Structure formats: C-alpha cells, structure tokens
Amino acid sequence: ARVFFEVKGDCFRLFYASRRPVPRKTNNIGFWKFCVNTVTVISCIVTVAQIVVSTGYLEWWQDDCHKNYDGRLGPDFECFPYWGSRFIAAAIMEHLVFGSQFCIWALIPNYPHWVKQQIQAMKSSKLCTILVAKKRLLKSSKSNKKKKE
C-alpha cells in the first residue's frame, strides 16, 4: 500500500508540480560554447595522458621495444625508464592534437552560411519596416500641418 501511494505521489509531482522552464530568447549560445570548448581541451589532455602512461603505444615507435612484445597490454617501463621521455612525447602529441583542434575550429564557421543569410534578411526586413514607418510618420505629420494651415 505504501508503494502505491509513493508512486501516485511521484506521478502527481511529475505531472502537476514540475514544469518545463520558460525558454528565453538569446542571440547565441553564450557560456555553453565556453563550456564545450573547455571540455574538449580537457578531453584532449586526458586522452594524451592515457596514451602515454597506460598504453604501450610509445613502445611501438622504438624498434628495440616492440620486438620483445610478450602479448601483455600496457607500457613497458624498461624501454622508457625515465619519465622525462614520456613527458616529452606527451607534450609533442598534445601540441599536435591542439594544433589540429584549433585548425578545425578556425575552418568551421560560427554560423552556417544559410543562417547568416536568414539573419541578414531579417535585419534588412526590419530596417525596411522601420524606414517605411518613418516615411508614413513624416507624411502624416506633413499632411497634419497642411490641414491645420
């Protein structure tokens, strides 16, 4: 019986007590673009760190290291005994990833071409509407002055 009332109460809250937020008009996505870019940069750093520390990917670039491969997954710390060499490899890979990432960001526009055209059309139609309204006001004010004279 308790579960029945609990489910009924949850249904009431879901359908009547909680509502969707009212959408607000904005010009762009604002802070969310910063959040997505930050998550992208952090994910690149984490991926490079995982490749350098927890996989045997670096060992495959040296002939001496991967010849003695015994089927295990993971890095061979005897091949790269110093963390400095792993750090240098991580820095190089990270710079390559960031360079490609920023090139992609530079190549992809913020707004697609068709959206820019729609925005331009809206601005020009608003401008035309404003100009027509101003002409009507000027004509009406001139005709009112003539009627008064």
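Everything that follows concerns the structure shown earlier in this document.
Along each chain, numbering runs from 1 in the same order as the chain's sequence is written. It should be noted that, the model being predicted, local features are given only for residues of pLDDT at least 70 and side-chain atom pairs only at 80 or more, the latter also being counted only at that level, while totals for whole chains, interfaces and linings use all residues. Side-chain metrics in this entry use all non-hydrogen atoms of the structure; hydrogen atoms and water are not considered.

Asks: Where do I start with the packing of aromatic side chains in this structure?
Replies: Each aromatic ring pair is described using two quantities: the centre-to-centre distance and the angle formed by the ring planes. Planes of paired rings set the category: under 30 degrees apart is stacked, over 60 is edge-to-face and the rest tilted, where pairs are Phe, Tyr or Trp rings (Trp by its six-membered ring) whose centres lie within 6.5 Å. Overall, the coordinates contain five aromatic pairs when judged by the stated rule. Taking the centre distance of 5.4 Å and the plane angle of 40° together, the rings of Phe-12 and Tyr-16 count as tilted. On the criterion of helical spacing, the pair formed by Phe-12 and Tyr-16 is a turn pair, its members being four residues apart in helix 1 (residues 2–17). When the centroid spacing of 5.6 Å and the interplanar angle of 35° are considered together, the rings of Phe-31 and Phe-34 count as tilted. Here Phe-31 pairs with Phe-34, and both are found in helix 2 (residues 31–54), just three residues apart, close to one helical turn. Per residue, the accessibility class of Phe-31 equals that of Phe-34, and both read exposed. Taken together through their ring pairs, the aromatic side chains of Phe-98, Phe-102 and Trp-105 make up a single cluster. By definition, any uninterrupted DSSP run of H or I lasting at least four residues is a helix, any uninterrupted run of E lasting at least two residues is a strand, and each is numbered from the N terminus. Exposed residues in this analysis have more than 50% of their type's maximum accessible area, buried residues have under 20%, and partly exposed residues fall in between, with area computed by a 1.4 Å probe over protein chains only.

Asks: It is not clear to me how the side chain of Gln-101 should be interpreted in this structure. Could you clarify?
Replies: Mapped onto the fold, Gln-101 is located in helix 4 (residues 83–107). For Gln-101, a relative accessible area of 8% puts it in the buried group. Apart from residues no more than four positions distant in its own chain, Gln-101 is found in contact with Thr-40, Val-41 and Cys-44. The contact rule is simple, with two residues in contact once any of their heavy atoms fall within 4.5 Å.

Asks: Just to check I follow, could you spell out the side chain of Arg-86 for this structure?
Replies: Positionally, Arg-86 belongs in helix 4. Looking at Arg-86, the relative accessible area reads 1%, which means it is buried.

Asks: Which parts of the structure should I look at to understand the packing of helix 2 against helix 4?
Replies: Each packed pair of helices is defined by two parameters, the angle between the axes and the distance between the axes. Interaxial distance between helix 2 and helix 4 falls to 9 Å at its minimum, and their mutual angle equals 145°. The two elements helix 2 and helix 4 meet at a crossing, and its hand is right-handed. For the pair helix 2 and helix 4, contact is made by Asn-37, Thr-40, Val-41, Cys-44, Ile-45, Val-48, Ile-51, Val-52 and Val-53 and by Trp-83, Arg-86, Ala-90, Met-93, Glu-94, Val-97, Phe-98, Gln-101 and Trp-105, respectively. Each residue is assigned to one of three groups, with Ala, Val, Leu, Ile, Met, Phe, Trp, Tyr, Cys and Pro labelled nonpolar, Asp, Glu, Lys and Arg labelled charged, and all others, Gly among them, labelled polar. Its residues assigned to classes, the contact of helix 2 with helix 4 comprises 13 nonpolar, three polar and two charged. A fitted line through C-alpha atoms represents every axis, and for helices the fit uses only the stretch in contact; the resulting angles, taken between N-to-C directions, go from 0 to 180 degrees. Handedness of each helix crossing follows the sense of rotation of the near helix against the far helix: counterclockwise by less than a right angle gives left-handed, clockwise gives right-handed.

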